[in-house]
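Survey of secondary and tertiary structure
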Amino acid sequence: MSLRTPLCELFGIEHPVVQTGMGWVAGARLTAATSSAGGLGILASATMTFEQLEQAIAQVKSRTDKPFGVNLRADQADMGRRVELLVREKVKVASFAQAPGKDVVRKLKDHGVLTMPTVGARRHAEKVAEWGVDAVIAQGHEGGGHTGAVPTSLLVPQVVDAVGSIPVVAAGGFFDGRGLVAALAWGAAGVAMGTRFLLTQESTVPDAIKATYLATPVTGTVVTRAIDGNPQRVIRTELVDAFERAGKLAALVRAVRYAWQFRAITGASFIDLMREGFAMRAKGDLTFAQMTMAASAPMLTRATMVEGRPDVGILPTGQVVGVIDELPSVADLMARIMREAEQTLAHLRSLER
């Protein structure tokens, strides 16, 4: 079964399903598996050094000849080099968790790389549409990691209306074919999923961490600002509760420690980390501790997703985690989603009079 939408035509993919660029999770193996299965896999480069990104792109290309994307952080110090790398390697799509800026969008488009930022509000969608982006991910409140306050069912139709003919990818709460059809009914051209792809066989997340995700109920997540000053959905743990109770001094000490560890792993200078932190602070009302943590918060995710240590790390997740109970292969997952979508469409057609 082939369900073709404008998103498929734009990206040259078989199915209107995007695997999001999750830090420490969306590496070459998962990205290649998604693209090979007919969706759009996206590498998470924000937690990679430039050299690691080069290697990851090469690895994806060695595993599949299908289109894939790379997720970029607009405030990274070596953003220019990364853009040049995507152009040189002819990467199909550049996605962004933050607004990349008009000049970055123009440079990528001028060199044939499609751009797709993530937004959480209609006004943000209108802004990036003016820059000439090729597609937009609209992530609702149910989504994992940093998320907004508007539910997916309300946000997606608003964004669709705001951006006109630009394909909109719905994110936040999707895991099956019924959700895909619902997104299409709201006007989207496809869906993006993070947690659902994290919980697959090709995901390199440690098995013990996957087991924790599978055991989490729908009510087992929380949106907190205690991690880096911005609202972020994670699994509720004793560590997260401790973060929310921590005083300013304890938060500052913790922030500096994680910043130093992140610097050592990624090769970023402490000055670069602070520059990123100050940029984040300028965009919101952050304390100094939150600013420092914002620049180094990826360490908290690395502790779980790479080291398998939930006692010292966080577990970013969508609320959809509560309805996932198994670990399929990416190929099986994609086939099932498309089969369910066809069955749902057939059911709706049967209701016609």
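Attention here is on the structure that accompanies the text.

Description of the overall build of the chain
Assigned secondary structure in the chain consists of 16 helices and 11 strands. Scored against the burial criterion, the 353 residues of the chain give a buried share of 54%. Here the chain displays about 14,800 Å² of accessible surface, and carbon together with sulfur accounts for 53% of that area.

Let's talk about helix H15 (residues 298-305)
H15 sits mainly inside the fold: eight of its eight residues count as buried. Buried within H15 we find Pro298, Met299, Leu300, Thr301, Arg302, Ala303, Thr304 and Met305.

Focus on the packing of aromatic side chains
Aromatic rings in a pair are described by how distant their centres are and how their planes are angled relative to each other. One pass over the full model with this rule turns up one aromatic pair. Here Phe174 and Trp186 contribute two aromatic rings whose centre-to-centre distance is 6.4 Å and whose plane-to-plane angle is 65°, an arrangement assigned as edge-to-face. Placement of Phe174 in the loop between strand E8 (168-171) and helix H8 (177-185) and of Trp186 in the loop between H8 and strand E9 (190-193) is noted, with a sequence separation of 12 residues between them. The buried category is assigned to Phe174, whose relative accessible area is 6%.

Considerations on the nonpolar core
In this structure, Val159, Phe197, Leu198, Tyr213 and Met305 are the most contacted members of the largest nonpolar core, which totals 49 residues. If you tally residues by element for this core, the top one is helix H16 (residues 330-350), at six residues. Not counting chain neighbours up to four residues away, the residues in contact with Phe197 comprise Val17, Val18, Gln19, Met22, Leu30, Thr34, Ser203, Val330, Leu333 and Met334. Within the second largest apolar cluster, 23 residues are counted, among which are Met48, Ile57, Leu85 and Val87.

A look at the sheet that holds strand E10 (residues 221-224)
Taken together, the three strands give an open sheet; going across it, the order is E7-E11-E10, and neighbouring strands pair in antiparallel fashion. The open sheet has two edge strands, strand E7 (145-146) and E10, and neither has a second partner. Here two bridges tie E7 to strand E11 (residues 232-235), and the two strands are oriented antiparallel to one another. Paired with His146 across the bridge in E11 is Gln232.

Describing the packing of helix H2 (residues 28-36) against helix H3 (residues 50-63)
Contact geometry of H2 with H3 gives a least axis separation of 9 Å together with a crossing angle of 35°. Classified by chirality, the crossing of H3 by H2 is right-handed. Contact residues: H2 offers Ala28, Arg29, Thr31, Ala32 and Ser36, while H3 offers Ala56, Gln59, Val60 and Arg63. Of the residues assigned to the contact of H2 with H3, the class counts are four nonpolar, three polar and two charged.

Quick notes on the pattern of salt bridges
Here the structure, examined in full by the defined rule, presents 17 salt bridges. With a shortest N-O distance of 2.8 Å, Asp78 and Arg82 are connected by a salt bridge. The residue Arg236 makes a salt bridge to Glu244 at a minimum N-O spacing of 3.4 Å. Classification of Arg236 as partly exposed rests on a relative accessible area of 44%.

Criteria and cut-off values
Residues numbered from 1 in each chain as written. Predicted model: local features only at pLDDT ≥ 70, side-chain atom pairs only at ≥ 80, totals over all residues. Heavy atoms only, no water. Helix = DSSP H or I, 4+ residues; strand = E, 2+ residues; numbered from the N terminus. Buried < 20%, exposed > 50% of the residue type's maximum accessible area, 1.4 Å probe, protein only. Areas by Shrake-Rupley, 256 points an atom, 1.4 Å probe, with all protein chains shown as cover. Phe/Tyr/Trp six-rings, centres within 6.5 Å; stacked < 30°, edge-to-face > 60°. Core = buried A, V, L, I, M, F, W, Y, C linked by side-chain atoms within 4.5 Å. Contact = heavy atoms within 4.5 Å. Pairing = 2+ DSSP bridges. Axes fitted to C-alpha atoms, helices over the stretch in contact; angles between N-to-C directions. Left-handed = near helix turned anticlockwise from the far one by under 90°. Nonpolar A, V, L, I, M, F, W, Y, C, P; charged D, E, K, R; others polar. Salt bridge = Lys/Arg side-chain N within 4 Å of Asp/Glu carboxyl O.

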